[in-house]
Amino acid sequence: MEKPTLHVVSLSGGKDSTAMLLRMVEEGWPIDHILFCDTGLEFPEMYDHIDKLESYIGIPITRLKSEKPFEYYFLEHSPKRKNPALAGRKGFSWAGPRNRWCTAVLKTRIIDAHLAKLANGHDIVQYIGIAADEPNRVRDKRYPLVEWGMTEADCLTYCKERGFEWGGLYDIFTRVSCWCCPLQSYDELRRLRTHFPDLWKQLMEWDQQTWRTFLKHYSVQQLDTRFAFEEECLSQGLPIKGRAFFDALRDRLKEGDA
C-alpha cells in the first residue's frame, strides 16, 4: 500500500531558506510542515523575522528546540572522551572545523528526530534551501533554489522585494547563523563586537568559563584587545597590517596577559 506523502520545508531563517519558502508559497507548492530549529543562539532579529514570515505566509511554523540549552552542552556535559588528554574536562567547549558538535546536537539531531516521527506511516519529501551557487547537495532531498537557478544574491533580493530585512542583519553580516560561532571571519567578529556589544560581552563571559581557546591563536579577550588596538591605530592614521603592527600587537597582548 502506498504511503501518503508529507512535504516538509526546512527553514533556517536565513535569506536562502526564506526565499525558497516564499516562492514555494507564491507558486502553490504543497507544504505540510515548516520546521525551524531554534539553537538558542540566533540573533534577536532572527526571531522577529520568523514571526513576521509566519504572519506573511499564513502557515504555522513549527519551532523545534533541544531540551537542554547550548550552555549545558558547552559548559557542563561530560561526553566520552576519545582523547585521554581531555579526560575530566567538562563540556564540549567551542566548536571547531573538525568538530561542529553544536550543529549536530542542537540542530541536526533535533530535526532528524522530528522527521522520524513524521515519517511514521508517511513518505517524506524534504525541501532544503541551498542556493544554486552553493555546494554540498544530497540526492534524496529536493533543492528548489537549485531547480530555479537562484543564487544567494538572488535570494536576498527576492526577500527584500517582499519586505524582509532581518532588522538590517544582512547589511552587517554575510551570514546570520549562530552569533557566537568561532568559525566566523575576523571581519564578522569585529562587526559583532561593534554592533552587538551585549552579545560580545556574553561571548567573553562564556570564553572565560571554558577550556578550549575560541580561535586557534586568540581567546575572546585577546580578540577584544586586538580589535581595540586596531581602532586605536586607525584613529592615529596607522596601518593595521604589516610587521610593525603585529609586533606592537604582540606587546599589547602581553600587557593584557600580565
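Conventions we followed
Residues numbered from 1 in each chain as written. Predicted model: local features only at pLDDT ≥ 70, side-chain atom pairs only at ≥ 80, totals over all residues. Heavy atoms only, no water. Buried < 20%, exposed > 50% of the residue type's maximum accessible area, 1.4 Å probe, protein only. Helix = DSSP H or I, 4+ residues; strand = E, 2+ residues; numbered from the N terminus. Arc of directions from axis to C-beta. Contact = heavy atoms within 4.5 Å. Phe/Tyr/Trp six-rings, centres within 6.5 Å; stacked < 30°, edge-to-face > 60°. Pairing = 2+ DSSP bridges. 1 Å grid on protein atoms, 1.4 Å probe; cavity = no way out; pocket = protein on both sides within 12 Å on 5 of 7 lines; lining within 4 Å. Points joined across faces, edges and corners; volume = space filled by probe spheres on them. Nonpolar A, V, L, I, M, F, W, Y, C, P; charged D, E, K, R; others polar.

1. A few points about helix α6 (residues 152-161)
E152, C155, L156, Y158 and C159 are the residues of α6 that are buried. Down the axis, α6 shows its buried residues gathered within 160° of arc, on one side only. Opposite its buried face, α6 presents the exposed residues A153 and E161, each directed more than 90 degrees away. Close packing links the buried residues of α6 with α1 (15-26), α5 (144-148) and α7 (169-172). Positioned one or two residues after α6, G163 has a phi angle of 90°, which is positive.

2. Focus on the packing of aromatic side chains
A complete count under the given rule lists 22 aromatic pairs for this structure. Aromatic side chains Y56 and F164 sit 5.1 Å apart centroid to centroid with 80° between the ring planes, which places their arrangement in the edge-to-face category. Here F164 lies in the loop between α6 and α7 and Y56 lies in helix α2 (residues 44-57), a separation of 108 residues in the sequence. By relative accessible area, Y56 is classed as partly exposed at 45%.

3. Remarks on the pairing of strand β1 (residues 5-10)
Of all six residues in β1, five are buried; the element is thus mostly enclosed. Looking at chain direction, β1 and strand β4 (residues 123-127) are connected through five bridges and run parallel. The residue of β4 that forms the bridge with V9 is Y127. One ladder, built from three bridges, connects β1 with strand β2 (residues 33-37); its direction is parallel. The residue of β2 that forms the bridge with S10 is L35.

4. What about the layout of surface pockets?
Estimated volume of the largest pocket: approximately 1,700 Å³. Lining the largest pocket we find 50 residues, and of these S12, R100, T103, K107 and S177 sit closest to its centre. Counting only elements with at least two residues in the lining of the largest pocket, the list comes to α1 and α4 (101-118). Per element, the largest residue contribution to the lining of the largest pocket is eight residues, and it comes from α4. When its residues are assigned to classes, the lining of the largest pocket shows 26 nonpolar, 14 polar and ten charged.

Any functional reading would require information that these geometric values do not contain.
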